[in-house]
Number of protein chains: 2
Amino acid sequence: MSTATLPSATLPSDALAQRLADSGLRSTPQREVIYDVLLKKRDHPTADEVFARVKSELPTVSLATVYNCLETLVSCQLVRAVNFERGPTRYCPNLSPHAHFHDEQSGQTHDIELPPALLKKVHAVLPRGYDATSVEIIFRGKATRSSEQRAASSQPTRS
Amino acid sequence: MSTATLPSATLPSDALAQRLADSGLRSTPQREVIYDVLLKKRDHPTADEVFARVKSELPTVSLATVYNCLETLVSCQLVRAVNFERGPTRYCPNLSPHAHFHDEQSGQTHDIELPPALLKKVHAVLPRGYDATSVEIIFRGKATRSSEQRAASSQPTRS
DNA sequence: ATCATAGTTTGGAATGGTTCTAAATAGCAC
DNA sequence: GTGCTATTTAGAACCATTCCAAACTATGAT
Ligand SMILES: [Mn+2]
Ligand SMILES: [Mn+2]
Ligand SMILES: [Zn+2]
Ligand SMILES: [Zn+2]
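Computed from a predicted model, the values in this text were never measured in an experiment. (Residues numbered from 1 in each chain as written. Chains lettered and ligands numbered in written order. Predicted model: local features only at pLDDT ≥ 70, side-chain atom pairs only at ≥ 80, totals over all residues. Heavy atoms only, no water.)

**Quick word on the pattern of salt bridges**
Residue and element names in this part refer to chain A. The full count for this structure, using the stated rule, is 12 salt bridges over all chains. Two residues, D43 and K41, come together in a salt bridge whose shortest N-O distance is 3.5 Å. Put simply, K41, D43 and R53 are held in one network by salt bridges that share partners. (Salt bridge = Lys/Arg side-chain N within 4 Å of Asp/Glu carboxyl O.)

What follows is the structure in structure tokens.
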């Protein structure tokens, strides 16, 4: 997708380097691999799961570094941290406004895109005096076969 | 159930006894006091805060019991557990469909009532195949003076 | 009343995700 | 290269919560 003559279109890794630089931070192998891992399999992994995936590329990485880098990516606004109840924090590189659907059976988390019109209506329930900087919407329930199929077909079947 | 002339109106403590009985559980002093504490000051206290408030009435209560009773109340559907990020779980006896507004400055949590029409529109963003049993909406931001006034005036000034 | 049984409370230990710490390492400016 | 700072690392510490096993309590059947 999106090649050549691109004006200032951001290749994923450049976006990372750029955002880090903007915050006065350095681009490091750990940060790059961790961000790549999040982009490659967008299943809202936990820090432990990221740790496991990163290890295969950087066998000596530490769990502390995974936490550090994830926090860095979140503070650079390249990744969102997502929490369900008191479970481990999950990480999501989808920056578009979206809600999360937590499938209680499978434990899987799905992104639900939110139309701007709906976001407006949601914000409109706030009485005067409430100034919200963000809103988070979490569905809980079960996703049936047709939604699994959607998810499966929209993502390469993984080697 | 529903005794004679009563329109079936439930005194708080009866509601508790009833719900517990429905679940085959006993009404105990600890459960009653903890539920009362939640009803009396509806500021979404943590288990520790509930513990402190209950101690003045039941000086020998244990923190484990507070956790046990809160879990019992949640499983009886008399209380909702509310989580913000990875902070300690907070407890809310407001059973009407409502969102939460987390004031980042003061740390206070406010209930935002949700009209059924909005809830419908929110559920409508779910694609086919997603069957949600619940939805949770959390705002984050700051509440200005006018909302503090509203909250203050709607609740007795506390002895 | 007494007893048997199951439910509940309690203090303390264990858990588990996350954060902290201090030392080692790596990148950048001069 | 030298010095300076950012980053990574292993392991300890943290802390909300859960687990455990022993006391205690309510219930209801004899
Ligand atoms: Mn789950
Ligand atoms: Mn806060
Ligand atoms: Zn997401
Ligand atoms: Zn509430």
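**Description of the protein's contact with DNA strand D**
Surrounding DNA strand D, one finds 18 residues, the nearest of these being A:T28, A:R31, A:T65, B:Y67 and B:T89. Sugar plus phosphate, as a fraction of atoms of DNA strand D within 4 Å of the protein: 76%. Within the backbone of A:R26, a nitrogen or oxygen atom sits 2.8 Å from a phosphate oxygen of DNA strand D. B:T89 places a polar main-chain atom, nitrogen or oxygen, 2.7 Å from a phosphate oxygen of DNA strand D. Secondary-structure elements contributing two or more residues to the surface near DNA strand D are α2 (29–40) and α4 (63–75) of chain A together with α4 (63–75) of chain B. The element that contributes the greatest number of residues to the surface near DNA strand D is α4(A), accounting for 4 residues. (Near = heavy atom within 4 Å. Polar contact = N/O pair within 3.5 Å; in protein donor to acceptor, adjacent residues only side chain to side chain. Helix = DSSP H or I, 4+ residues; strand = E, 2+ residues; numbered from the N terminus.)

**Overview of the side chain of B:H98**
Residues and elements named next belong to chain B. With respect to the helices and strands, H98 occurs in strand β3 (residues 98–103). One polar contact links H98 to R80, side chain to side chain, over a distance of 3.2 Å. Looking at H98, its side chain comes within polar contact range of the side chain of D111, at 3.1 Å. Excluding residues within four positions of it along the chain, H98 makes contact with R80, C92, D111, I112, E113 and L114. (Contact = heavy atoms within 4.5 Å.)

**Side note on the sheet that holds strand β4 (residues 109–113) of chain A**
Within the open sheet, the 6 strands sit side by side as β4(A)-β3(A)-β5(A)-β5(B)-β3(B)-β4(B). Their pairing is mixed. The open sheet has two edge strands with one neighbour each: β4 of chain A together with β4 (109–113) of chain B. Ignoring strand direction, the axes of neighbouring strands in this sheet form an average angle of 30°. Where β3(B) and strand β5 (residues 130–143) of chain B come together, 4 bridges link them in parallel fashion. In the strand pairing of β5(B), B:D103 is matched with B:G141. Strand contacts of helix α5 (residues 116–123) of chain B: β5 (130–143) of chain A together with β5 of chain B, with the helix running at about 115° to β5(B), the strand carrying the most contacts. (Pairing = 2+ DSSP bridges. Axes fitted to C-alpha atoms, helices over the stretch in contact; angles between N-to-C directions.)

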